[in-house]
Amino acid sequence: MPSRPLILLLAVTCGVTVANVYFPQAVGPLVAADLHVSPSSATLVVTCTQLGYAAGIFLLVPLGDRVRPRVLVPTLLLLTCAGLLLAATAASLPVLATAGALVGLTTVVPQILIPLAAGLSSPERRGVVTGTLLSGLIGGILLARTFSGTLGQWIGWRTPYLAAAALALLLTPIMAAALPRTAPGTDLPYPKLLADCFRLLRTEPLLRRSCHYQVLVFAAFSAAWTALTLFVTGPRYGLGTGAVGVIALVGAAGMFAGPVAGRRSDRDGPDTVSLLCLTGAVAAGVLLLTGNLGGPAGLAGLGVGMLLLDMATQAGQVANQARIFALRPEFRARLNTAYMTCAFLGGSAGSWLGVRACTAFGWTGVCALVTTLACLALLRHLLRARPVPTSAGSTAPRTPEASEDSDRSQEKV
């Protein structure tokens, strides 16, 4: 079992590194003004960064089963630092978008640390430990917008990139010293590691179901946050990027949902948590419509709606990862690779769709998109396969995925 100080260090590292994927969302208008492009074009940086992150999860995270974390994590931190410095000095949007993709590719440290911590934890504590690290991750996602929106408004959009580069450089020797000397879980060649990710998606129904949930919910989450910057800084409110940071600061309270969701998953199983989270995501999409009211009431509605969406996304992630980490311990990095690659492809699509919905239909279109995606995820959960009694008193599947509820998949993590 990892010590509490180590768990907290890993949680902070998750938050600091994942922030690199999200803080560009709050400085898009500043980038647009400085590089003389439209605000919607500037969102390309966000999309490229998330696509890079999805590629990094698929290409690099499987190495967590083969390369010692004490070597892999510091190396990735140094590469991330280099990408952030390139972004901070970019003189054009194509260069910045390319640098963003490189940052996303290498800043996948959280997706290596979370399976590592889960593997070091006892089964009855795995949900709590995963929830703690995910709280750090979600806190980094949300506070990144506050950090970059405020810092960017006062000093310029390049400053958050420089500050993030300094943090990555600072964490490099700390992680090299603090990470345990764990042995690699496999010596399989790299191509076989990548092939295993596809095979696991094909053979593990619970992994597929968790991916379905997170693709849809994370797409809704990304659509809302990407479009929020355009909405709040647009004609309805006419506010600066600092306002997005304030809303993100309110939403950061969602990070406290992680440990609670972890304890509930350990006690009652992940499906109970998933139902609550998916229902909350649907409610958040409806509540966000109050942003159309404008003024203080509209801002309050946006804050509460984003908080509810953040909590649903965070707690749902805990449930999903508790579900998949219980499947095959020796495959945890590859299971997480398959899951998170799907999730961030969904997030990238959500960012793109959110901008288009906001441009074509305004904030109402964004809320409709968020609600629709959340409803699809909830419907998938309600229609999940269950065993039914047969005439002989045994059970038989209702659908081809009935193995979800077999002995190995009873959801008690």
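Residues numbered from 1 in each chain as written. Predicted model: local features only at pLDDT ≥ 70, side-chain atom pairs only at ≥ 80, totals over all residues. Heavy atoms only, no water.

## Quick look at the overall build of the chain
And then number 1: Check the secondary structure of the chain and you find 16 helices and two strands.
And then number 2: Taken across its 413 residues, the chain has 59% of its residues classed as buried.
And then number 3: In the chain, 82% of the contacts between residues at least 6 apart in sequence involve partners at least 24 apart.
And then number 4: As presented, the chain carries roughly 15,200 Å² of accessible surface, and 71% of it is formed by carbon and sulfur atoms. (Helix = DSSP H or I, 4+ residues; strand = E, 2+ residues; numbered from the N terminus. Buried < 20%, exposed > 50% of the residue type's maximum accessible area, 1.4 Å probe, protein only. Contact = heavy atoms within 4.5 Å. Areas by Shrake-Rupley, 256 points an atom, 1.4 Å probe, with all protein chains shown as cover.)

## Quick look at the nonpolar core
And then number 1: With 94 residues, the main nonpolar core has L113, L207, L302 and W363 as its most contacted residues.
And then number 2: Those residues in contact with L113 that lie beyond four places of it in its chain are L10, T13, C14, V73, L133, M175 and L179. (Core = buried A, V, L, I, M, F, W, Y, C linked by side-chain atoms within 4.5 Å.)

## Looking at the pattern of salt bridges
Any two side chains of opposite charge can pair, given that their charged atoms come close.
And then number 1: Scanning the entire structure with this criterion turns up five salt bridges.
And then number 2: The partner of R199 in a salt bridge is D196, with the nearest N and O atoms 3.4 Å apart. With R199 and D196 both in helix α10 (residues 190-203) and three residues apart, the pair spans about one turn of that helix.
And then number 3: In this structure R199 comes out as partly exposed when scored by relative accessible area, which is 25%.
And then number 4: Among the charged side chains, a salt-bridge network with shared partners connects K192, D196, R199 and R334. (Salt bridge = Lys/Arg side-chain N within 4 Å of Asp/Glu carboxyl O.)

## Regarding the side chain of T13
And then number 1: Inspection of the secondary structure puts T13 in helix α1 (residues 4-22).
And then number 2: In this structure, T13 is in contact with V109, L113, L171 and M175, ignoring residues within four places of it in sequence.

## A few points about the packing of helix α15 (residues 295-325) against helix α16 (residues 332-382)
And then number 1: Orientation of α15 relative to α16, taken along the N-to-C sense of each, is 160°, at an axis distance of 12 Å. It follows that α15 is roughly antiparallel to α16 by the angle criterion. Two packed elements cross with a definite hand, and for α15 against α16 that hand is right-handed. Listed contacts from α16 to L302, L309, Q317, N320, Q321, I324 and F325 of α15 are R332, L335, N336, Y339, M340, W363 and V370.
And then number 2: When the residues that make up the contact of α15 with α16 are grouped by side-chain class, the tally is nine nonpolar, four polar and one charged. (Axes fitted to C-alpha atoms, helices over the stretch in contact; angles between N-to-C directions. Parallel < 35°, antiparallel > 145°, perpendicular 65-115°, else oblique. Left-handed = near helix turned anticlockwise from the far one by under 90°. Nonpolar A, V, L, I, M, F, W, Y, C, P; charged D, E, K, R; others polar.)

## Some details on the packing of aromatic side chains
And then number 1: Enumeration according to the criterion identifies six aromatic pairs in this entry.
And then number 2: Considering the side-chain rings of F231 and Y237, the 5.4 Å spacing of their centres and the 85° angle between planes classify their relative orientation as edge-to-face. Grouping residues by exposure puts F231 and Y237 together as buried.
And then number 3: Relative to W363, the ring of F231 lies with its centre 4.8 Å away and its plane at 5°, an arrangement referred to as stacked. Here W363 lies in helix α16 and F231 lies in helix α11 (residues 205-232), a separation of 132 residues in the sequence.
And then number 4: Relative accessible area serves as the criterion here: at 9%, F231 is assigned to the buried category.
And then number 5: W363 sits in the buried class, given a relative accessible area of 2%.
And then number 6: A network of ring pairs unites the aromatic residues F23, W157 and Y161 as a single cluster.
And then number 7: Seen from the ring of F331, R334 lies directly overhead, with NZ or CZ sitting 4.2 Å from the centre. (Phe/Tyr/Trp six-rings, centres within 6.5 Å; stacked < 30°, edge-to-face > 60°. Lys NZ or Arg CZ within 6 Å of the ring centre and 35° of its normal.)

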